[in-house]
Structure formats: C-alpha cells, structure tokens
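# Observations on the three-dimensional arrangement
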Amino acid sequence: MKVAEAVGRALHAAGVGQVFGVVGSGNFHLTNAMVAAGSRFVAARHEGGAATMADAYARMSGTVAALSVHQGPGLTNAMTGIAEAAKSRTPLLVLAAEVTEPRSNFYVDQDALARSVGAVSARVTSAEDAVTQALDAVRRAVCERRTVLLNLPLGVQALDVPDVPDVPDDVSTLAVVPPERAPVEPEFDAVEALARVLEKSRRPVFVAGRGARSPGARDALVALAERHGALLATSAVARGLFHGDPWSLDVSGGFASPLAAELIQEADLIVGWGCALNMWTMRHGRLIGPDTTVVQVDDDASALGSHREVHLGVTGDVELTARRALETDDANRQSQQGEQARQGKQSQDAGQGFRTADTGAAIAARVRWRDVPYEDTSTRECIDPRTLSIALDDILPAERVIGVDSGNFMGYPSMYLSVPDENGLCFTQAFQSIGLGLATAIGAALARPDRLPVAALGDGGAMMGAAELDTVRRLELPMVVVVYNDDAYGAEVHHFGPDGHPLETVEFPPTDIAAVARGYGFEAVTVHTRADLKAVEDWLAGPRSAPLLIDAKVVADRGAWWLEEAFRGH
C-alpha cells in the first residue's frame, strides 16, 4: 500500500468525512483514497472557493473538514480562505502535496505560507510514520481548534508503507484521535469571583461569541442571565444563539441597533462568554461605560484580555463555567437563607437587574433593525437595501442558513434577515475579505441540508466568486443567491467619495449578473422594485429544481451604518 492510500484511508477512519478541493497530479491519489474509503469529495472550481467551503462546513457541522490541493499554486490559490479559517480558529485540515526540490517550478516554502496566516504546519516525513503523522494533524486540528497544513511530499506519497495493518479497522492502535475537544473545567476560585461580580451587578449584559455556539451553552447562559436579570447579546458569528428570547438584544457591536447599543452602554457589568470583546463587538470600546466591570470567560487562557483590559478573566468552557456559577449561586443563597433564618430575617430575592417592564417593552418594539424607522429611498430603478432585506425576510422560509460576503452591503442581510438559531448565519469575516460569500453558503448548505441556503453578496464579491455558481448548480443545491448590486466597491465609494477623491477605480459599468447566473444554469430575476420580488415567491412555491439568483439593483446614495465602524479598524 502506498503512503497516499494509507493516509487517505486513515484520515477517513479518523472522522474526516468531508473533503473539498481542486484535484491535480499531486493530490490525485490521496483524494481518491479518501473517496474510496467513504469520504465525500466536493470539487470546487477554484482552490480559494474550496478552502472557504471547507471552513464553512466545519463551522456549521461541528466536525473537522479537509481541503485537498495541488502543490505550489494549488496552495497559494487557497491562501485567503486558509487565512480566514486560521484567524477564526476553525478545525480544518489542509492536505497539500509538496515538492521539496527548490529548482522545481512548483516549489514554494509551504511551511512559511502556513505560519504567515496563523495556521499550523506539519509534514509526512516517512513511510513508516505517515499514518501516525497524519492522525496527529487531525488531533491538533480538533483538540487545539487550529487550521493545520499537512504537507505531503510527492516522493513520500509514492513510497510503500511497510507492514501496514488494515488502517480503517485498526486506526485506533496507530494513534489516539479524540472525537472532540475536552471541555475545560474552570477553577473554583475563578467561579467564586464571577459569582460575586454577578451578585453585585444591577445592570448586567452577557455577550456570547463563537465559544458559546452550542445548545448546552445557550441553555446555561439563559438560566444564569435569568438569575441575575442580565440582557443577552452575541457577537456577529454567534448571531441567533438567543433567538426568540424576550431579553435578547441581538448583535453587539458595529451591527447593533440603536437601542441595543444604548442598553449595552448602560451596563454596569459586561461578561464576554467565549467572545473576544474586540473592536467589532465593543465598537472600539465605546460600548463599555467608564465604570463598567468587564469579565471574559474563555477556554483558551491566551484569549483573556487579548483585545482589551478585563477586570476578571476566567479560563473555562462556557457551558461548564455558567453551570458552575449557577451552582455557586445556589450554594451561597442556601447559606444566606440559613443565616437569615437563624437571625429571624426574611430572605431577599435577587434583583431584577435590567429586566424591567419598560426595558422589555422597548426591546420588543425597537431592538430589531427592521423596526427602526427609516426613509425609504427606493426609486423606479433601484430598491433601498433595507426595503429589499425586510421583504426577503418576510418571503424566505424561517428555516434558513445564510452565508454573507464582505462589503458595504453586508450589514443588511446580516441584521435584517432573521436566523432561527446559532447555526443560521455563517459569518466568514475574520479576515474581512470580499469574494468568500458564495463559497461560504455552499459549505454551510452541505452542513445543513435541512435548511434553505441563502448567499448574500455584493456585486464585487459575486463577480469574484462567480465560478462557484457552477458548483452550486452541479451539486443541485436549492440555493437563493442575493446580489446587492450597486455597480461598485461601495465601501470605498462611501468612505472616500465625501472627501472628493476620484472614484473611477472603484466604480464599474452596469453588469447583468442575472444573465451571468443563467449561463451557469440558474433561474434568475432582476429586481428594481418590491413588486419584482413576486418572482422569488413563485420560485419558492415551485419545485426549486434550479437555484435562484436575485440581481437586486440597490440604491447607492449612502454608506451602510456600520461602515464608519469598519474603517476605524484600518
């Protein structure tokens, strides 16, 4: 058995069941070995798209996914998607063929490429150790939550593996691959300190991030928030975690509605749960009042205080920490009640915190962006992106999974389209690259086949990723692709235009993106007004035998509300 086949079979046995990529000569045998063992391979049209599909699939499925690429240019083509995954700490295995001879035209320093974007680099170095080294790469991806580049030199791939056992049956004897990352138990003293801070607070706000994206963590946080009268918010990547809760503020940060921002600024305690509390989530710190206590809970100690000073950092799994805090509350209250009973005093219940009738009524009426009054600037030729987004929110099924690209438009689908839970929005924006949105939606769609996939793109990102329209059609995904088309890189137009700078470099002639989509086998509709969306309703009522692209000609009279926040980080 050749190394390429042994490694491919071992990776499948270790739980790598989904592979994306573009196959060339260097990764041909490895990819085919994984497919023969039972892994599903999705061929993208570009390695950059394949990388983002794998990233999105891993995020939305909760499993490790693999990206398979050719040596040299196959890897360099994928680097933007790999950078996004690495910055997001996505458990992703990048399988890259490698040439080791510097005189080869395919040679690049693949280790350096990986390190430059924050990924971990590993290598298969011998036939004897190939399977063990491959499985160790899987272990690192899963247990350390890292994007791992596994280099597979061509010469080593072609070697015979000596005395290899039946890998799928005996993989556990070769290396131990934990099925998931073990939850980190918080220290007792840290939980006690957290409980004391919560007990003193009268206006607490919980902000949940990527590390809280699970039903167990949500339930624990909801219970703890109810105990202390806390309001609930999320970062953008965890949007939907508290969907339906009457005390949810939706997203904190640049995407926050005016009411959400106002209430967060009034908090006397902000607790970040698996959330970095970075410039995006805290609006460069402006959402934190001068006397607000800041607490951060994360299972990675190096994340505590990495973006801003915190008064208390707790190293621990979000769900475990929240449950331990509840248990500590119970114990403390029982002790207090016993002492009060001995002294003949009446026990005091916890305060209501932020959860007053007036606050509840305000949240119900004004926390959603679609409930914030606005002047509709639609014309007969162009539709206001807010009007478009609200209409789509009403038309599209509630059970949806949305992939969003980057650009001036991105706040509209991210905040105006509701999502049913924490698995409803796949937000690949850690690297802030445009062009990833369509591939994001493809990966999310494959991870969540029970939901209608929606790709929300700007015209710039749509044209960058247009090749993957073929992948959508080939996979027969019943996807809705919405293009917010202003014929420009809108972020730059609205950032530099008011100062009188020339904009010819960031504006483009009108493009019939609907015609482009039809060429790939899509159904397509061009939207100028709200009435044009009738075609979307008809598609939803029909067999959905082909995907649908909506080329929405949107008003370009102003920058999105979050744009100013975005450019503060440049």
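We now turn to the structure provided with this report. (Residues numbered from 1 in each chain as written. Predicted model: local features only at pLDDT ≥ 70, side-chain atom pairs only at ≥ 80, totals over all residues. Heavy atoms only, no water.)

## With respect to the overall build of the protein
A count of helical and extended segments in the protein gives 23 helices and 18 strands. Relative to a compact globule of 570 residues, whose C-alpha radius of gyration would be 25 Å, the protein shows 25 Å and is just as compact. Its C-alpha atoms give the protein principal-axis dimensions of about 80 × 65 × 45 Å. The burial tally for the protein puts 56% of its 570 residues in the buried class. In the protein, 76% of the contacts between residues at least 6 apart in sequence involve partners at least 24 apart. As displayed, the protein has an accessible area near 23,000 Å², and 50% of this comes from carbon and sulfur atoms. Of the charged side chains in the protein, 50 are positive and 74 negative; the average position of the first set lies 2 Å away from that of the second. (Helix = DSSP H or I, 4+ residues; strand = E, 2+ residues; numbered from the N terminus. Rg over C-alpha atoms; globule rule 2.2 N^0.38 Å. Buried < 20%, exposed > 50% of the residue type's maximum accessible area, 1.4 Å probe, protein only. Contact = heavy atoms within 4.5 Å. Areas by Shrake-Rupley, 256 points an atom, 1.4 Å probe, with all protein chains shown as cover. Lys, Arg positive; Asp, Glu negative; His and termini not counted. Charge placed at Lys NZ, Arg CZ, Asp CG, Glu CD.)

## Structural notes on the packing of aromatic side chains
Here the structure, examined in full by the defined rule, presents 7 aromatic pairs. With a centroid separation of 5.9 Å and an interplanar angle of 80 degrees, the aromatic rings of F255 and F427 are classed as edge-to-face. Here F427 lies in the loop between β14 (425-426) and α17 (437-447) and F255 lies in the loop between β9 (248-251) and α12 (258-265), a separation of 172 residues in the sequence. Like F427, F255 is buried. (Phe/Tyr/Trp six-rings, centres within 6.5 Å; stacked < 30°, edge-to-face > 60°.)

## Some points on the sheet that holds strand β5 (residues 120-123)
Pairing within the open sheet is parallel, and its 6 strands lie in the order β2-β1-β3-β4-β6-β5. Of all strands in the sheet, those bounded by a partner on one side alone are β2 (40-43) and β5. The average angle at which neighbouring strand axes cross in this sheet is 25 degrees, direction not considered. Note: strand β4 (residues 92-98) against strand β6 (residues 147-153), 7 bridges, orientation parallel. Bridging from a neighbouring strand, L93 pairs with V148 of β6. (Pairing = 2+ DSSP bridges. Axes fitted to C-alpha atoms, helices over the stretch in contact; angles between N-to-C directions.)

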